[in-house]
Amino acid sequence: MSVKFKAHETFFIRKGWLSKGMRHIANKPDLFVDKNENPMDILGLGSNMVKSLRYWLQATGLAEEKIENKKHIQRLTENFGQVIFENDRYIEEIGTLLLIQYKLASNHDNASAWYYFFNHFNLQEFSREDFIVEIEKTLLSENENVPPHTTISSDFDCIVSTYLPRYKLRKAEVDPENNIDCPFGELNLLDVLDRKKGVYKKATPLVSIFNPWVVLAVIVANTDGRSEIRLNDLLIGKNNIGRVFNLNSGLMLEILYNIEKTGQLKIIRTSGLDVIQLKKNYTFEECVKNYYKDIEK
């Protein structure tokens, strides 16, 4: 495995960026490398923002980049990007944001800071320095290359801006009409404890934002074919629902009981067992498609 830090050009995902990017690469896969048409003109973004969007489309799993005919081509991923584009191309549904959050937080190779923040960084209250120290320790323990302090610091800033609206960070300076916040702020995964001291905390989202099919999509993506999964694996297993959505045990159980009512899984907490049993062997893509069918009703 490899790690990648500070590939975002210091820009967090702005509202409308991902839908704009999907729309344009669907029509023009060589958008970012075409020598005849300037991507800055097509996208209406500055040079560094174009580079940032190119990166974010891949980091969120919506697109993948390959070399075709000696040219870098970016296409929507078949089992995710295409499904999102066909069903919610403007990313208006909270479930779509949750699914993209899962893809981002589980992307070890392309969005390493996000992966470690959700899957390894266990402090619930923390500062920038806490994050830097813990990430360096983790990378060393995994024999990964440790980037400079300034690089990890830049990623920390970007994570904070991804999940916190700017009015919470710089209250006096922000015009409420300004629309450049990141849409992931709607998920309530981060909060500010002390703005002046730069102390933050991981927050827990509302149960009401979790559609059963979104949660099932993440669960089945991490089952390795098993139909029976321990509750503890769901809570603390890498890339699973507890980690990528900041769930505590009580919140996770409430969400699972809601899914149990739909008949898609059974919770077993007797005879020393603390597991769920999946009733059908769905794929991640099937769960995502079922989510959009469900909200159409």
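Whatever comes next refers back to the structure up there.
Here's a quick rundown of the structure. (Residues numbered from 1 in each chain as written. Predicted model: local features only at pLDDT ≥ 70, side-chain atom pairs only at ≥ 80, totals over all residues. Heavy atoms only, no water.)

## Describing the pairing of strand 7 (residues 265–268)
Item 1. Taken together, the four bridges between strand 7 and strand 8 (residues 275–278) define a ladder with antiparallel strand orientation. Counterpart to Leu265 in the pairing with strand 8 is Leu278.
Item 2. In this structure, the hairpin formed by strand 7 and strand 8 is closed by a connection of six residues, where Ser271 is found at a positive phi of approximately 55°. (Pairing = 2+ DSSP bridges. Helix = DSSP H or I, 4+ residues; strand = E, 2+ residues; numbered from the N terminus.)

## A word on the packing of aromatic side chains
When we look at a pair of aromatic rings, we describe it by the centre distance and by the angle of the planes.
Item 1. Evaluation of the coordinates by the stated rule reveals 21 aromatic pairs.
Item 2. Considering the side-chain rings of Phe118 and Tyr163, the 5.5 Å spacing of their centres and the 75° angle between planes classify their relative orientation as edge-to-face. On the criterion of sequence distance, the pair formed by Phe118 in helix 6 (residues 112–119) and Tyr163 in helix 8 (residues 149–163) is long-range, its members being 45 residues apart. Each member of the pair, Phe118 as well as Tyr163, is classed as buried.
Item 3. Taking 5.8 Å as the distance between ring centres and 65° as the angle between the ring planes, the aromatic pair formed by Phe156 and Tyr200 counts as edge-to-face. Residue Phe156 is located in helix 8, and its partner Tyr200 is located in strand 5 (residues 199–202); the two are separated by 44 residues in the primary sequence. Residues Phe156 and Tyr200 agree in their burial class; the two are buried.
Item 4. One aromatic cluster is present, formed by Phe117, Phe118, Phe121, Phe126, Phe131, Phe156, Tyr163, Phe184 and Tyr200 through successive ring pairs. (Phe/Tyr/Trp six-rings, centres within 6.5 Å; stacked < 30°, edge-to-face > 60°. Buried < 20%, exposed > 50% of the residue type's maximum accessible area, 1.4 Å probe, protein only.)

## With respect to the sheet that holds strand 3 (residues 125–127)
Item 1. Judged by pairing direction, the sheet is antiparallel, and its three strands sit side by side in the order 3-5-4 without closing on themselves. With partners counted over all chains shown, the strands left at the sheet margins are strand 3 and strand 4 (190–194), one partner each. Direction aside, neighbouring strands of the sheet carry axes that sit 35° apart on average.
Item 2. Relative to strand 5, strand 4 runs antiparallel, the two sharing four bridges. Bridge pairing in strand 5 links Val192 to Tyr200. (Axes fitted to C-alpha atoms, helices over the stretch in contact; angles between N-to-C directions.)

## So, the pattern of salt bridges
Item 1. Under the definition given, this model contains 13 salt bridges.
Item 2. Between Arg54 and Glu65 there is a salt bridge, and its shortest N-O distance comes to 2.7 Å. Of this pair, Arg54 sits in helix 3 (residues 47–59) while Glu65 sits in strand 1 (residues 63–68), and the two are eleven residues apart along the sequence.
Item 3. Since its relative accessible area comes to 22%, Arg54 is described here as partly exposed. (Salt bridge = Lys/Arg side-chain N within 4 Å of Asp/Glu carboxyl O.)

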